[in-house]
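Given next are the chains, with one letter for each unit.
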Amino acid sequence: MGGGEKCSTIFNNPPNMRRSFRRWFRSCSIAFPAVLFLYVTVFHNGFLFAAITYGTGPLDDVIANSNKGFRKLLEEGLLERDRYNGTVPVHRLPQSIIIGARKCGTRALIEFLELHPQINSPTDEMHFFSNDTNYKMGLDWYRKKMPLSYPDQITIEKTPRYFISKISPSRVHRMNSSVKLIAILRHPTTRVISDYTQICANKMAKNETAEAFEYLALNRQTGHINPEYRAIKISMYHLHIARWLELFPLKQLHIVDGDNLIVNPLEEIRKVETFLNLPHRISKDSLYFNNTRGFYCMRKTKNGPEKCLGANKGRKHANISEKIIHKLDKFFKPHNERLFKLIKRRFRWR
């Protein structure tokens, strides 16, 4: 019997039709749940399927290659689709910038602030506003360098070079005249010595010898303080703060006491949280004093893993004579008074 005859026999014979229909229905009832599961899994959660199949190389290559695989999907926010009621995180221009100053504790400050769930920051210093080459890349390039964030999070960028850069204030102002600026200052003499200590360490790492501090800090003919020494000029804080205050109101600039941040970090952090209109989410359990390192370290949860700043932080300062320290303190006094008048605030500097 040919194929056509078989079909004719089945459909012209009601009992055969009923048996065929029952067999077909049982097959569908078995297959339907599987089909439904496949639809929900693959099509409704298409981004998950994409994460599994994205890229054709080995898994290590997929993860390592920023142009494909899980990392790219994470950067695009696809794996976080359901968080914040379906809101996808995006790259945003910073709403706040830590502008400096160098060797005053900017790294410690941003590390502490990142304990807050509503604060994100890029890993590296951007040097966008202070570097002409970077600035020519444009704001969109800069924005994409920022970490992904949700609407209730604040992106903070940190580049200490901005503090002394003459061009940075106007460039930042053009980006966002309402941006919140954060500066951190230490005793100017302490900052100078810390600056010199880092230069010495960098020289030693290259098997080079640093010039003696007194030859840099003092005029060799007169023995007076040399205001042209870069480390000293940075510590003349009022010169740099004045440039920022020409464009930004004082209420948009918060100054962290860098000396107090070392001994009482939580007090300074809470002031920054208030300045940023954020709830106080960093607690005393987030910070602990590390006796071995000699400064405060961090942990995100009370019993969570501990994290300290790198080995190059908190290093012992170079040995400077008390005579030169006294000269520096005396030199900086009038400059400190100009700063205090400018910011309408005083620090307990000797």
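Per an unreviewed UniProt entry, the protein carries the name Heparan sulfate glucosamine 3-O-sulfotransferase 5-like and comes from Biomphalaria glabrata.

A. Spatial organisation of the pattern of salt bridges. Evaluation of the coordinates by the stated rule reveals 14 salt bridges. Between Arg171 and Asp132 there is a salt bridge, and its shortest N-O distance comes to 2.8 Å. Highlighted residues: Arg171 in helix 9 (residues 168-175) and Asp132 in helix 7 (residues 132-135), separated in sequence by 39 residues. If you follow the salt bridges from partner to partner, you end up with Arg102, Arg191 and Asp195 in one network.

B. Molecular detail of the state of the cysteines. On inspection of all chains with the given rule, the structure shows one disulfide. Two residues, Cys297 and Cys308, share a disulfide whose sulfurs are 1.8 Å apart. Residues Cys297 and Cys308 are joined through a disulfide that is right-handed, its torsion about the S-S bond being 105°. You can see Cys297 sitting in strand 9 (residues 295-298) and its partner Cys308 sitting in the loop between strand 9 and helix 16 (322-343), a full 11 residues away along the chain. Classification of Cys308 by relative accessible area gives partly exposed; the value is 25%.

What counts and what doesn't
- Residues numbered from 1 in each chain as written.
- Predicted model: local features only at pLDDT ≥ 70, side-chain atom pairs only at ≥ 80, totals over all residues.
- Heavy atoms only, no water.
- Salt bridge = Lys/Arg side-chain N within 4 Å of Asp/Glu carboxyl O.
- Helix = DSSP H or I, 4+ residues; strand = E, 2+ residues; numbered from the N terminus.
- Disulfide = S-S within 2.5 Å.
- Buried < 20%, exposed > 50% of the residue type's maximum accessible area, 1.4 Å probe, protein only.

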